[in-house]
Structures are given as structure tokens and as C-alpha cells.
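# Descriptive structure summary
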Amino acid sequence: MTEDQQNICNSNTFETIYQKYAKDLRRFLFFKTQDLAQAEDILQDTFIKLWNNCSKVNYDKVKSYLYTVASNAFLNTVKHQAVVRKHQSSLSHSKTNESPEFIMIEQEFLEKLERVIASLPDRQREVFLMNRIDKKKYKEIAVELNISVKAVEKRMHAALVVMRKEIGNI
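In this report, we go over the structure that sits alongside the text. Residue indices follow the written sequence of each chain, beginning from 1 at its first position. The model is predicted, so local features are restricted to residues of pLDDT at least 70 and side-chain atom pairs to those at 80 or more, both for listing and for counting; the totals for chains, interfaces and linings are taken over all residues. Heavy atoms from the whole structure form the basis of all side-chain values; hydrogens and water molecules are not counted.

This brings us to the overall build of the chain. Scanning the chain from N- to C-terminus turns up seven helices and zero strands. Counting from the N terminus, the helices are DSSP H or I runs at least four residues long and the strands are E runs at least two residues long. Moving toward the C terminus, one meets the helices and strands of the chain in the order α-α-α-α-α-α-α. Three labels apply to residues, based on accessible area from a 1.4 Å probe with only protein chains included: buried if under 20% of the type maximum, exposed if over 50%, partly exposed otherwise in between. Counting over 170 residues, the chain shows a buried share of 29%. By the convention used here, residues are in contact when the closest approach between their heavy atoms is within 4.5 Å. Sequence separation of at least 24 residues holds for 58% of the intrachain contacts in the chain that already meet a minimum separation of 6. For the chain, the exposed surface amounts to about 11,700 Å²; the carbon and sulfur share of it is 53%. Charge assignment in this entry is limited to Lys and Arg as positive and Asp and Glu as negative, and neither His nor the chain termini are counted. Charge positions are represented by NZ for Lys, CZ for Arg, CG for Asp and CD for Glu. Of note, the chain has its 27 positive side-chain charges centred 6 Å away from the centre of its 22 negative side-chain charges. Working definition of accessibility: Shrake-Rupley area with a 1.4 Å probe, residue cover restricted to the visible protein chains.

And the structure:
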């Protein structure tokens, strides 16, 4: 295989990769999501991410990269849906004496929080969600991600710096 054929940034090579892996990746995502539209969205996002990072991805590891990105995107979607369901359930089950203005401000805050979390780089978002949503300790996260505790601390710190800058103290 020539060097040009291994350059993922080459549109012909990218098209070949898409033709080779898209069908199986779509099936994989559909199996996980049980929703064809959601599987298609994640598939599209996965290939967009590949295109945006084409110069950083080794051609020989493109399949692994695609499945890793797709799995992480699926997990992020599931976590987001869980947060939304939890919030909706708490709103519908709680009879509140809060003013409509307070409820609106709270809703705007939660939307801003979700946007900021979604804007974090993948590694920071993953560590942040595992710690704050899944309530995992740094050591557990390090073992699960196969990285050092120091790396987890660094990613969490970076995520919190962004969160504090965008939202304020959390």
C-alpha cells in the first residue's frame, strides 16, 4: 500500500475507510442504542471526528479508533440521557414552592452546565462524568481507563478550571 493510500486525510482513502467500516459500525451502534436514528447520528459524528483528526490517526489502527470513538459517544449519550431523565423526574415529582423565575433560572443553569460539559475535550469530560455522575474515585477511574491517578487528577483539574471559568464555582 502506498503512502498516499495510507493517508487518512486523502479523500479517496477516507471514502474507502467509510465504505469498509460504516456498515458494521452502524450495526454495532444499532445493537447498543436500539435506535436507528441515534445509531446514524453517532456513526456520522464518529466519521466527522475521524476526518477532523485524520492526521493524528494511524491508518493501521483506524478500525480501533472508530469503534473507540463510537463507544465513547454512545456512553456520553447514555449519561446525558440519564441526567435529563433524572432532572425531568425530579421536576415532575417535586411539588415546589419555588417561583417560576427561580425554576427558569435553574433550567437555564442546567442547560448551560450541559453545554459546558459537552464542550469539554473527550478525556476531560470522561473523567469528569465518571467522578461527578458515576461517583467513582480517582483510583477507580485510573484503573478503568488504564491511566495513572495523576493523569486522572490532571484531567479533572483541567475540566474544573473550564467549568469554573464558564459557570463559576461548582
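There's plenty left to go through after this.
On to the packing of aromatic side chains. When two rings of Phe, Tyr or Trp (its six-membered ring) have centres within 6.5 Å they constitute a pair, described as stacked for plane angles under 30 degrees, edge-to-face for angles over 60, and tilted for the intermediate range. All told, the structure shown has four aromatic pairs when counted by the stated rule. Ring geometry for Phe14 and Phe47: centres 6.1 Å apart, planes at 90°, overall edge-to-face. Of the two residues, Phe14 is situated in helix H1 (residues 11-33) and Phe47 in helix H2 (residues 36-52); the sequence distance between them amounts to 33 residues. Taking the relative accessible area as the measure of exposure, Phe47 reaches 4% and is therefore buried. With centroids separated by 4.8 Å and ring planes inclined at 65°, the aromatic side chains of Tyr18 and Phe47 adopt a geometry described as edge-to-face. Highlighted residues: Tyr18 in helix H1 and Phe47 in helix H2, separated in sequence by 29 residues. One aromatic cluster in this structure is built from Phe14, Tyr18, Phe47 and Trp51.

Bringing a positive patch on the surface into the picture now. Nonpolar side chains (Val, Leu, Ile, Met, Phe, Trp, Tyr) are joined into patches within 5 Å and like charges within 9 Å, using only residues with over 30% relative accessible area and no salt bridge. The term salt bridge refers to a side-chain nitrogen of Lys or Arg lying within 4 Å of a carboxyl oxygen of Asp or Glu. A contiguous patch of positive charge, built from Lys86, Arg132, Lys135 and Arg164, is present on the exposed surface. Considering the arrangement of structural elements, one finds Lys86 in helix H3 (residues 62-93).

Looking now at the side chain of Asn53. Within the secondary structure layout, Asn53 lies in the loop between H2 and H3. Judged by relative accessible area, Asn53 falls into the buried class, the value being 18%. Whenever two N or O atoms come within 3.5 Å, that pair is a polar contact, provided that in protein one can donate a hydrogen and the other can accept it, and provided that, for residues adjacent in sequence, both atoms are side-chain atoms. Side-chain polar atoms of Asn53 contact the side chain of Tyr65, separated by 3.2 Å.

Here we take up the nonpolar core. To qualify as a nonpolar core, a set must consist of buried Ala, Val, Leu, Ile, Met, Phe, Trp, Tyr and Cys residues joined through side-chain atoms within 4.5 Å. Of all hydrophobic cores here, the largest spans 21 residues; its most connected members are Ile8, Ile17, Phe47, Leu50, Val62 and Leu66. Dropping the residues within four chain positions of it, Phe47 is found in contact with Phe14, Ile17, Tyr18, Tyr21, Ala22, Leu25 and Leu66. Counting 15 residues, the second-largest nonpolar core is a separate cluster that includes Val116, Leu120, Phe128 and Ala159.

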